[in-house]
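The residues making up each chain are set out below.
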Amino acid sequence: MDWLKLSTIRINSIYNGLFLGLCYICNTKSKTTICKHCHDNFPKNEKHCLHCKRSTHKKNILCGRCQTSPPQYQLCIAPYRFEGIIKTLIHSIKFNQGNHYIRPLTYLLSEHLIQIYSSDSWPDQLIYVPSHPNRIKARGFCQTKAMSDHLLKNLQLKIGDQCPFKANNNPLRKLKHTQAQHSLSRKERLKNQKNSYEINTPIAKHVVLFDDVMTTGSTIESCTKLLLESGAERVDIWVIARTPDKIDQS
Ligand SMILES: [Zn+2]
Ligand SMILES: [Zn+2]
């Protein structure tokens, strides 16, 4: 067999057939990267605010904040809650060199996206929320870059020419090494985020902003504002998981 002539896709499929074919979590035989049994136990974000995807007690409602001052993004996609196995997998990617979990998580997100964008127009540019260079140096990699690279590959393989993203050149830079957001009030968080990011090249009119987890939403909101000020007319948000920090009673 002339291995040099094999395309990357073919090599991928041979590799998967020979060495994978196992669930990434429980290691049992599975046709998908995460078996049905494991996926059934994933915390799905089913009851959420229609706009910001914050956990709510009822389905199909707007949370109190979105009724008064909704964030400026147009669409937010957050298929899981940041708890249980999802939290373990994302923490493992960030802190315990669990990079192999990037593949199944971004695969699941891309399946979700394909379903949603079957009746909407895909964004023209994929932008991710980057870590500060000091953090990348300490951790050895930027997890949102690694995740968005995989997401791009998954979408290119799944939807081919329909995939609008060709390369992953991120125009968004983090300038300030900000302190942890969850210990701050909303006002402090927004102040903390001000001038934390910059855009250094022209951007498309319809962009998507990707982050692994949305916690308070203030990073996403301040980056959305910056994207809109920098030429975007529509910003969509894609995150793997939304932190169910406070259940909105509305
Ligand atoms: Zn499994
Ligand atoms: Zn909301």
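Residues numbered from 1 in each chain as written. Chains lettered and ligands numbered in written order. Predicted model: local features only at pLDDT ≥ 70, side-chain atom pairs only at ≥ 80, totals over all residues. Heavy atoms only, no water.

(A) Representation of the overall build of the protein. Along the protein, the regular secondary structure elements total nine helices and seven strands. Looking at the protein alone, contacts between residues at least 24 apart form 70% of all its contacts between residues at least 6 apart. Counting every atom, the protein has about 13,600 Å² of accessible surface; 52% of that belongs to carbon and sulfur. (Helix = DSSP H or I, 4+ residues; strand = E, 2+ residues; numbered from the N terminus. Contact = heavy atoms within 4.5 Å. Areas by Shrake-Rupley, 256 points an atom, 1.4 Å probe, with all protein chains shown as cover.)

(B) Up close: the coordination of the zinc ion (ligand 2). For the zinc ion (ligand 2), the full set of protein donor atoms is Cys49 (SG), Cys52 (SG), Cys63 (SG) and Cys66 (SG), and the range of their distances to it is 2.3 Å. One can describe the site at the zinc ion (ligand 2) as tetrahedral: its four donor atoms subtend angles covering 104 to 113° at the metal. (Donors = N, O, S within 2.8 Å, 3.2 Å for Na, K, Ca; no water. Tetrahedral: all angles 85-135°; square planar, octahedral: opposite > 155°, others 65-115°.)

(C) Main features of the pattern of salt bridges. Taken as a whole and assessed by the stated rule, the structure comprises nine salt bridges. Of the charged contacts, one joins arginine 65 and glutamate 221 as a salt bridge, the two residues approaching to 2.8 Å between their closest N and O atoms. Of this pair, arginine 65 sits in helix α3 (residues 64-68) while glutamate 221 sits in helix α9 (residues 218-229), and the two are 156 residues apart along the sequence. On the basis of relative accessible area, glutamate 221 is assigned to the buried category, the value being 13%. Of the charged contacts in the structure, one is a salt bridge between glutamate 83 and arginine 81, with a shortest N-O distance of 2.6 Å. Here glutamate 83 falls in the partly exposed class, since its relative accessible area comes to 27%. (Salt bridge = Lys/Arg side-chain N within 4 Å of Asp/Glu carboxyl O. Buried < 20%, exposed > 50% of the residue type's maximum accessible area, 1.4 Å probe, protein only.)

(D) Quick peek at the nonpolar core. Counting residues in each nonpolar core, the largest one holds 39 residues, and the members touching the most others are Leu113, Phe210 and Trp238. The set of elements that each furnish at least two residues to this core consists of β1 (75-77), α4 (84-95), α5 (102-116), β3 (125-128), α7 (143-159), β6 (206-214) and β7 (234-242). A per-element tally of this core places α7 first, with six residues. Within the second largest apolar cluster, 25 residues are counted, among which are Tyr73, Ile127, Ile199 and Val239. (Core = buried A, V, L, I, M, F, W, Y, C linked by side-chain atoms within 4.5 Å.)

(E) Fine view of the packing of aromatic side chains. Under the criterion given, the structure shown has five aromatic pairs. Ring geometry for phenylalanine 42 and tyrosine 80: centres 5.6 Å apart, planes at 75°, overall edge-to-face. Remark: tyrosine 80 occurs in strand β2 (residues 80-81) and phenylalanine 42 occurs in the loop between α2 (36-40) and α3; sequence separation between them is 38 residues. Here phenylalanine 42 and tyrosine 80 have matching classes, each one buried. (Phe/Tyr/Trp six-rings, centres within 6.5 Å; stacked < 30°, edge-to-face > 60°.)

Read these as layout, nothing more, since geometry by itself doesn't imply function.
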